[in-house]
Amino acid sequence: MNAVPNITLNDGNTIPQLGFGVFQIEPENTVEAVSEALEIGYRHIDTAEMYGNEREVGEAIRASGLDRSNVYVTSKLSNAFHEPQDAREAFDRTLSDLGFDYVDMFLIHWPLPTLYDGDFMSTWRALEEFKRDGRARSIGVSNFQIEHLDQLAAQTDTVPAVNQIEVHPYFTNEAVREYGREHGILTEAWSPIAQGGVLEDSTITRIADKVGKTPAQVVLRWHIQRGDIIFPKSVTPSRMKENFELFDFELEQGDVDEISALDRGEDGRTGPNPDTFAYVPG
Ligand SMILES: NC(=O)c1ccc[n+]([C@@H]2O[C@H](COP(=O)([O-])OP(=O)(O)OC[C@H]3O[C@@H](n4cnc5c(N)ncnc54)[C@H](OP(=O)(O)O)[C@@H]3O)[C@@H](O)[C@H]2O)c1
């Protein structure tokens with residue numbers, strides 16, 4: 001009933017379409033949350049250096065007794081370490097903190113076009129090294145806009161396997177998703193329920209009532225039917241279960257389209273704009 005589909009990336013590897021995100025889970029709560037997620041059946045964990053909980057993610061996976069090969073793990077390069085040598089050292093620390101000798105996916109977390117002289121190309125070449133040496137099975141980017149993807153395409157050799165971007169019913173981010181579709185880059189939709197902000201929308205609650213599912217399940221199912229990869233975050237076990245139960249129902253195309261039409265363009269964005277975001281951890 002709850003078989004999560006695997007999607008094939010442009011490098012031939014596969015990724016579970018549904019995972020569990022750990023942004024804003026405090027390190028002291030992370031082992032418990034990830035353990036519960038693995039117990040429920042999640043086999044894909046999305047973390048990042050900047051989340052400060054890689055160590056605990058690794059600990060929970062080891063404690064689960066699951067084989068490492070059965071859990072898909074993504075991490076992301078901190079904004080502080082875009083210089084290639086810094087990126088190499090940061091990636092070593094990621095593996096050491098996780099306690100693994102590889103990650104399934106490693107991403108540049110933000111393009112930071114106003115920092116580092118706008119040079120994320122040399123950062124990307126460092127990630128290409130990690131892929132070549134097998135310590136990152138796949139590599140990708142996050143929060144890249146079309147112009148950033150175009151620059152990578154013009155100046156580097158590897159097409160990112162994924163682009164992890166903000167996508168939810170109020171910010172459908174269609175142009176960037178479309179670029180991905182045209183270039184073999186899968187979209188990972190972050191904040192898939194807009195951190196809860198779309199769950200009281202009357203269109204969504206009406207469809208939820210009609211299909212007999214919760215608003216969160218309807219929105220997450222909408223992402224799944226659009227082909228994006230998602231990893232909702234929750235520290236609440238009942239919600240973690242709810243968010244995992246997406247494969248025993250289907251939305252009609254009309255409902256999918258109606259939810260897509262809730263898009264508010266730039267006004268719907270809840271997170272930073274990647275063109276100007278320039279946060280570097282201190
Ligand atoms: N690459 C990036 O720049 C970036 C940025 C943001 C996020 N992400 C990734 O995307 C993941 C998900 O995004 P997110 O954490 O920002 O937001 P989200 O998954 O859209 O929403 C999480 C919030 O919604 C609540 N929630 C979860 N399930 C619910 C349900 N069924 N019913 C009602 N409320 C529910 C959670 O509360 P409780 O926890 O209290 O239950 C939490 O406050 C992150 O964890 C991270 O892995 C990446």
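That block above? That's the structure.
Here the structure is a predicted model, which means the values were calculated and not measured.

Caption draft 1: Region of interest: the nonpolar core. Among the nonpolar cores identified, the biggest contains 67 residues, and F20, V22, V34, I45, I61, F106 and L251 are the most heavily contacted of them. Residues within four places of V22 in sequence aside, it is in contact with V34, I45, D46, T47, Y51, N53 and V57. I7, Y72, A161 and L186 belong to the second largest nonpolar core, which has 11 residues in total.

Caption draft 2: Region of the structure containing the site of the ligand. The environment of the ligand is made up of 29 residues, and the closest members are D46, S191, K233, S234 and T236. The side chain of D46 places a nitrogen or oxygen atom 2.7 Å from an oxygen atom of the ligand. The separation between an oxygen atom of the ligand and a polar main-chain atom of A194 is 3.5 Å. Computed on the free molecule, the ligand has an accessible area of 910 Å², of which 89% lies beneath the protein chains in the complex. With 3 residues, the single largest contributor to the shell around the ligand is helix α9 (residues 237–244).

Caption draft 3: Focus on the packing of helix α4 (residues 121–132) against helix α5 (residues 146–155). For the pair α4 and α5, the least separation of the axes is 10 Å and the interaxial angle reads 65°. Both α4 and α5 take part in a crossing whose hand is right-handed. Along the contact surface, α4 presents M121, W124 and R125, while α5 presents Q151, L152 and Q155. A breakdown of the residues in the contact of α4 with α5 according to their chemical character gives 3 nonpolar, 2 polar and 1 charged.

What counts and what doesn't
Residues numbered from 1 in each chain as written. Predicted model: local features only at pLDDT ≥ 70, side-chain atom pairs only at ≥ 80, totals over all residues. Heavy atoms only, no water. Core = buried A, V, L, I, M, F, W, Y, C linked by side-chain atoms within 4.5 Å. Buried < 20%, exposed > 50% of the residue type's maximum accessible area, 1.4 Å probe, protein only. Contact = heavy atoms within 4.5 Å. Near = heavy atom within 4 Å. Polar contact = N/O pair within 3.5 Å; in protein donor to acceptor, adjacent residues only side chain to side chain. Areas by Shrake-Rupley, 256 points an atom, 1.4 Å probe, with all protein chains shown as cover. Helix = DSSP H or I, 4+ residues; strand = E, 2+ residues; numbered from the N terminus. Axes fitted to C-alpha atoms, helices over the stretch in contact; angles between N-to-C directions. Left-handed = near helix turned anticlockwise from the far one by under 90°. Nonpolar A, V, L, I, M, F, W, Y, C, P; charged D, E, K, R; others polar.

By themselves, these figures tell us nothing about what the structure is for.
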